[in-house]
Amino acid sequence: MYSVIGILVGIIILQFIIIWKYQRQVRDICRQLTFLMKHDSNMLIHREFDIGGIGTLSDRLNEFLELRRKEKQHYQEKETLIADTYINLSHDIRTPLTSLDGYFQIMEECENVEDQKRYLNIIHERIHSLNEMLEELFTFTKLKNESYNLELMPCCINRILKETVFSYYDDWVRMEIQPDIRITEEQLHIHGNRQGLSRVIQNVIKNGLDHGEKKINIVLERDQDRVALRISNQVTHPEQIDIEHVFDRFYKADAARSKTSTGLGLSIVRELVKRMNGEIGAKIEESEFIVEMSFPIVKDRMGK
């Protein structure tokens, strides 16, 4: 009889101890949560034991804390990206704006009609440069928005490349450039975006025209089950190009700092290529800067 009473008393005492420890652990977890809510800390919830669901509760809370920290880090990175974008772009825009103001003042004081026309042409060029900068900012910001959807459909890259290259004919004549263009006769289709592909080609060619010598090569061919597009140009100072960062936003080689460039062109190219399931890379061979892209080949709408 006494032994049964002793066992019951022992069980009651054990239950009391467990309940007391359980309550103390709950209070401790609440205290840790209160601290983490008030302070920016990488600490996680700690517990003394796992009974009564304490272990599961702690694990779920820690998973939530880790997710919250990643979201906060992602938000801070986007804030930094936006701030850097506008700071760098405002610096780039300030120069042509100041130039515009100066030329307008000169035109007001100038009485020579020919000089006025020349200044007006310069003003038109500066305005065109500003439009290009703002367009690059808009495109870059849009591509960095995760909710933005680039509509993809079968596209004939041969046709888009020819049309885009032809649009630079006047520029090449004016700059006395004779491009070496080799486009396969085979009609190659990719799952892409027509405007996006044209923008990719334009930005790479423009980069070559702005920063290279009077020589540019464009090659489009099939590489097994992929389309391979290679655009290259000669550069005067290849040692000034940091090939590991040419696709980074705001990257500018030293020779480009005097140009009306935002440093977003090749970064936009990389984002567009990725969104079209492509791969892109850059390299330097002797004095030639090369951008290589490839896309999976798909059948066109006619099943070819």
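As the structure is a prediction and not an experimental result, all values here were calculated from the model.

The rules behind these values
Residues numbered from 1 in each chain as written. Predicted model: local features only at pLDDT ≥ 70, side-chain atom pairs only at ≥ 80, totals over all residues. Heavy atoms only, no water. Helix = DSSP H or I, 4+ residues; strand = E, 2+ residues; numbered from the N terminus. Buried < 20%, exposed > 50% of the residue type's maximum accessible area, 1.4 Å probe, protein only. Contact = heavy atoms within 4.5 Å. Axes fitted to C-alpha atoms, helices over the stretch in contact; angles between N-to-C directions. Left-handed = near helix turned anticlockwise from the far one by under 90°. Nonpolar A, V, L, I, M, F, W, Y, C, P; charged D, E, K, R; others polar. Parallel < 35°, antiparallel > 145°, perpendicular 65-115°, else oblique. Pairing = 2+ DSSP bridges. Core = buried A, V, L, I, M, F, W, Y, C linked by side-chain atoms within 4.5 Å. Salt bridge = Lys/Arg side-chain N within 4 Å of Asp/Glu carboxyl O.

### Re the overall build of the chain
Here is step 1: On a plain count of helices and strands, the chain comes out with seven helices and seven strands.
Here is step 2: Secondary structure elements of the chain, listed N to C terminal, follow the sequence α-α-α-β-α-α-β-β-α-β-β-α-β-β.
Here is step 3: When the 304 residues of the chain are sorted by exposure, 35% land in the buried category.
Here is step 4: Considering only contacts within the chain whose residues lie at least 6 apart along the sequence, 67% involve residues at least 24 apart.

### Some words on the packing of helix 3 (residues 113–144) against helix 7 (residues 265–275)
Here is step 1: At a minimum axis separation of 10 Å, helix 3 and helix 7 run at an interaxial angle of 35 degrees. Here helix 3 runs over helix 7; the crossing is left-handed. From helix 3, Glu136, Thr139, Phe140, Leu143 and Lys144 reach across to helix 7, where they touch Gly265, Ser267, Ile268, Glu271, Leu272 and Arg275.
Here is step 2: Taken together, the residues of the contact of helix 3 with helix 7 sort by class into four nonpolar, three polar and four charged.

### Structural notes on the packing of helix 6 (residues 194–211) against helix 7
Here is step 1: In contact at an axis separation of 9 Å, helix 6 and helix 7 are set at 150 degrees when each is read in the N-to-C sense. Compared by their axis directions, helix 6 and helix 7 come out roughly antiparallel. Seen along the crossing, helix 6 lies across helix 7 with a hand that is left-handed. Each of Gly196, Arg199, Val200, Asn203, Val204 and Asn207 in helix 6 lies in contact with helix 7, whose residues at this interface are Gly265, Leu266, Ile268, Val269, Leu272 and Val273.

### Considerations on the sheet that holds strand 5 (residues 226–234)
Here is step 1: Pairing is mixed across the open sheet formed by five strands, whose spatial order is 2-4-5-7-6. Whereas interior strands pair on both sides, the edge strands pair on one side only; in this sheet they are strand 2 (180–183) and strand 6 (279–285). With strand direction ignored, the average angle separating the axes of adjacent strands in the sheet is 15 degrees.
Here is step 2: Examined bridge by bridge, strand 5 and strand 7 (residues 288–296) share nine bridges and lie antiparallel to one another. Of the residues in strand 7, the one forming a bridge with Val227 is Phe295.
Here is step 3: Against the sheet, helix 6 makes contact with strand 4 (216–223), strand 5 and strand 7, and its axis sits at roughly 170 degrees relative to strand 7, the strand it touches most.

### Digging into the nonpolar core
Here is step 1: Counting residues in hydrophobic clusters, the biggest one holds 42 residues, and the most contacted among them are Trp172, Ile205 and Met293.
Here is step 2: Per element, the largest residue contribution to this core is six residues, and it comes from helix 6.
Here is step 3: Setting aside chain neighbours within four positions, we find Ile205 in contact with Val165, Tyr168, Trp172, Ile216 and Ile218.
Here is step 4: Counting six residues, the second-largest nonpolar core is a separate cluster that includes Ile29, Leu36, Ile45 and Leu61.

### With respect to the pattern of salt bridges
Here is step 1: Evaluated as defined, the whole model comprises ten salt bridges.
Here is step 2: The residue Arg60 makes a salt bridge to Glu63 at a minimum N-O spacing of 2.8 Å. Here Arg60 and its partner Glu63 are both found in helix 2 (residues 54–109), three residues apart, which amounts to about one turn of the helix.
Here is step 3: Arg60 sits in the partly exposed class, given a relative accessible area of 44%.
Here is step 4: Residue Glu63 is classed as partly exposed on the basis of its relative accessible area of 46%.
Here is step 5: Here Glu186 and Arg222 are joined by a salt bridge, their closest N and O atoms 2.7 Å apart. Of this pair, Glu186 sits in the loop between strand 2 and strand 3 (189–192) while Arg222 sits in strand 4, and the two are 36 residues apart along the sequence.
Here is step 6: Under the relative-accessibility criterion, Glu186 is labelled partly exposed at 34%.
Here is step 7: Residue classification places Arg222 among the partly exposed residues on the basis of a relative accessible area of 40%.
Here is step 8: If you follow the salt bridges from partner to partner, you end up with Arg230, Lys283, Glu285 and Glu292 in one network.

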